[in-house]
Amino acid sequence: MGMTMTQKIFARHCGRQEVQAGDLVYGALDLVMGSDVTAPIAIHEMEKYGLKRVFDPNKIVLVMDHFAPNKDIRSAQNCALARQFAQQMGISHFYDGGRMGIEHALLPEQGFVAPGELIIGADSHTCTYGALGAFSTGVGSTDMAAGMYAGKNWFKVPAAILVNLTGRFSEYVGGKDLILSLIGMIGVDGARYKSIEFTGEAIAGIPMDDRFTICNMAIEAGAKNAIFPVDQNTLDYLSGRVSRPFVPVEADTDASYVCTIDINLSQLRPVLAAPFLPSNVKPVEHFRGLRVDQVVIGCCTNGRISDLRMAARILKGRKISEHVRCVIIPATQEIYLQAIAEGLLELFIQAGATVSMPTCGPCNGGHVGVLSDHERCVSTTNRNFVGRMGARDSEIYLASPAVAAACAVAGTVVSPEEV
Ligand code: SF4
């Protein structure tokens with residue numbers, strides 16, 4: 001029986017010729033990732049069970065990004081614990097202030113992800129790395145602890161949904177509009193514990209940054225993972241980043257899928273996801289004229305250089321509305337430097353934006369732009385749950401960088417073509 005891309009990766013990592021959806025497998029891990037929020041819990045779990053070593057210090061990455069640079073004493077203590085653990089265990093891939101970035105932008109950028117690999121991270125948006133043809137998924141801190149110790153984790157092999165992509169993105173339409181539209185179609189549980197596997201003629205025209213955005217939000221449809229086939233775009237991205245050998249996987253022609261969803265990129269429009277679910281998706285026009293208090297452009301979903309370039313395209317020569325606070329957050333130090341080199345940060349500041357250091361910041365209501373009562377934010381982040389960015393009755397509308405930048409200029413919800 002044929003296998004999907006994800007099933008092939010599992011078969012390879014548990015030493016079997018074949019696996020099927022529903023099989024329980026004990027898979028060897030290529031990488032384990034944790035953050036300043038989740039790693040301390042995993043460290044305490046290891047201490048609780050007397051586990052005094054890790055399986056391979058070179059296959060563990062710890063990223064201080066959620067509340068770093070530390071916003072309070074508690075976050076400083078968490079980072080200090082993770083720092084001490086990294087030193088004790090010989091974990092050199094420890095990303096602290098000055099080296100850090102948001103984990104899901106940082107790991108691919110720094111060459112920690114290669115096609116065909118099996119990766120877990122104690123963060124739900126670890127599914128981002130499927131853009132590079134890897135299996136990656138979010139786990140809890142207890143699984144992270146077990147993974148750090150044993151180098152293996154238990155998995156139930158997921159069934160798959162095939163998403164067939166045709167056509168081309170129109171101007172101001174991109175990966176964020178695609179994944180929001182898909183979540184709008186199938187709902188926040190539409191892919192529950194399934195793999196979303198992309199195929200189709202359109203993939204060659206989808207830039208890597210868009211593929212990261214798309215895979216990043218697969219969890220918002222309940223998916224176990226999302227994965228793109230490896231093509232020349234993927235290999236170009238990996239060139240100069242990954243030097244170890246890797247073997248991409250391809251789905252078998254007779255692989256089995258729960259269903260196939262066809263999406264023509266040419267028919268997609270700029271969209272917004274209204275509070276309080278990422279599936280509340282409608283065209284921008286539906287919300288046209290809603291007053292906006294804050295705009296956030298950044299996060300592991302849309303803080304990459306092409307996102308900043310798109311925001312700059314809209315903001316160039318314009319001013320952000322006087323009643324809008326616009327926070328722009330390059331996702332990593334490398335992206336930050338690239339944005340400086342291209343003059344983007346100067347452009348943002350001249351437009352009236354606040355430019356932050358790389359951090360998760362306001363995405364989870366941490367810092368650098370927490371919302372007050374009744375405030376409304378248009379954000380390129382990935383979740384618009386109740387209280388996600390601050391006060392319980394604040395509102396988040398999820399959008400692409402193009403839409404977010406346009407709203408920052410107008411001070412109300414508008415489509416990018418209108419500014
Ligand atoms: Fe999580 Fe937001 Fe940080 Fe991404 S940017 S890892 S969604 S808190």
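On a predicted model such as this, the values are computed, not experimentally measured, just so you know.

*Asks:* Would you mind showing me how to read the pairing of strand β1 (residues 24-28) here?
*Replies:* Consecutive side chains along a regular strand alternate between the two faces of the sheet. By the alternation rule, side chains of β1 split into Val25 and Gly27, which are all buried, and Leu24, Tyr26 and Ala28, of which none is buried. Note that β1 and strand β7 (residues 152-156) share five bridges and pair antiparallel. Following the sheet pairing, glycine 27 is matched in β7 by asparagine 153.

*Asks:* Could you clarify how one ought to interpret the pattern of salt bridges in this entry?
*Replies:* Pairs can form between side chains of opposite charge once their charged atoms are near each other. As enumerated under the stated definition, the model contains 17 salt bridges in all. A salt bridge links glutamate 417 to arginine 269, with the nearest nitrogen and oxygen atoms 3.7 Å apart. Residue glutamate 417 is located in the segment after α13 (401-410), and its partner arginine 269 is located in the loop between β11 (259-264) and β12 (271-273); the two are separated by 148 residues in the primary sequence. Glutamate 417 sits in the partly exposed class, given a relative accessible area of 42%. Measuring nitrogen to oxygen at the nearest pair gives 3.0 Å for the salt bridge that ties arginine 376 to glutamate 395. Separated by 19 residues along the polypeptide, arginine 376 in strand β17 (residues 376-379) and glutamate 395 in strand β18 (residues 395-398) bring together distant segments of the chain. For arginine 376, a relative accessible area of 18% translates into the label buried. A single network of salt bridges, built from pairs that share partners, joins Arg269, Glu285 and Glu417.

*Asks:* Got a minute to help me understand the environment of tryptophan 154 in this structure?
*Replies:* Residue position: tryptophan 154 is located in strand β7. Looking at tryptophan 154, the relative accessible area reads 61%, which means it is exposed. Spatially, the C-alpha atoms of tryptophan 154 and serine 256 are 22 Å apart, while their sequence positions differ by 102 residues. Setting aside residues up to four positions removed in sequence, tryptophan 154 forms contacts with Leu24, Val25 and Tyr26.

*Asks:* I keep staring at the site of the ligand and nothing clicks. Help me out?
*Replies:* Inspection of the region around the ligand gives 13 residues, with His125, Cys300, Cys360, Cys363 and Asn382 positioned closest. At the level of secondary structure, the elements contributing two or more residues to the shell around the ligand comprise α4 (103-109) and α9 (299-302). Across the shell around the ligand, the residue classes tally to five nonpolar, five polar and three charged.

*Asks:* Is there a simple way to explain the nonpolar core in this structure?
*Replies:* Looking at soluble globular proteins, one finds that nonpolar side chains tend to be buried together. Formed by 60 residues in total, the largest nonpolar core has its most connected members in Leu107, Val163, Leu165, Phe198, Ile263 and Leu265. For phenylalanine 198, the contacting residues outside a window of four places in its chain are Met5, Val163, Leu165, Ile203, Ile214, Ala226, Ile227, Phe228 and Pro229. Residues Ala105, Ile305, Leu347 and Val403 belong to the second largest nonpolar core, which totals 46 residues.

*Asks:* Where do I start with the state of the cysteines in this structure?
*Replies:* Among covalent bonds in proteins, the disulfide is the one between the sulfur atoms of two cysteines. In this structure the tally under the stated criterion is zero disulfides. Of the cysteine sulfurs around cysteine 299, a residue in no disulfide, the closest is that of cysteine 363, at 3.9 Å. Cysteine 299 sits in the buried class, given a relative accessible area of 4%.

*Asks:* Which parts of the structure should I look at to understand the sheet that holds strand β2 (residues 31-35)?
*Replies:* Adjacent strands of a sheet form backbone hydrogen bonds with each other and so pair up, either parallel or antiparallel. If you walk across this open sheet you meet the five strands as β4-β3-β2-β5-β6, and the pairing is parallel. In this open sheet, the two strands that pair with only one neighbour each are β4 (94-95) and β6 (135-138). Examined bridge by bridge, β2 and strand β3 (residues 60-63) share four bridges and lie parallel to one another. Bridged to valine 32 within β3 is isoleucine 60.

Criteria and thresholds
Within any chain, residue numbers begin from 1 and follow the written order of that chain's sequence. Side-chain atom pairs in this predicted model are given and counted only at pLDDT of 80 or more, local residue features only at pLDDT of at least 70, and totals for whole chains, interfaces and linings cover all residues. By convention in this description, side-chain values take in all heavy atoms of the structure and omit both hydrogens and water. We call a residue buried when its accessible area falls under 20% of the maximum for its residue type, exposed when it is over 50%, and partly exposed in between, using a 1.4 Å probe and counting protein chains only. Helix numbers and strand numbers start at the N terminus; a helix is a DSSP run of H or I with at least 4 residues, a strand a run of E with at least 2. Between any two strands, at least two bridges found by DSSP are needed for them to pair. Here, a salt bridge means any side-chain nitrogen of Lys or Arg that lies within 4 Å of a carboxyl oxygen of Asp or Glu. Note on contacts: a residue pair qualifies if any of its non-hydrogen atoms lie within 4.5 Å across the two residues. Residues are counted as near a molecule or strand when any one of their heavy atoms sits within 4 Å of it. Three classes are used, and their members are as follows: Ala, Val, Leu, Ile, Met, Phe, Trp, Tyr, Cys and Pro are nonpolar, Asp, Glu, Lys and Arg are charged, and the others, Gly among them, are polar. We define a nonpolar core as any set of buried Ala, Val, Leu, Ile, Met, Phe, Trp, Tyr and Cys residues linked to one another through side-chain atoms lying within 4.5 Å. Only a pair of cysteine sulfur atoms within 2.5 Å counts as a disulfide in this structure description.

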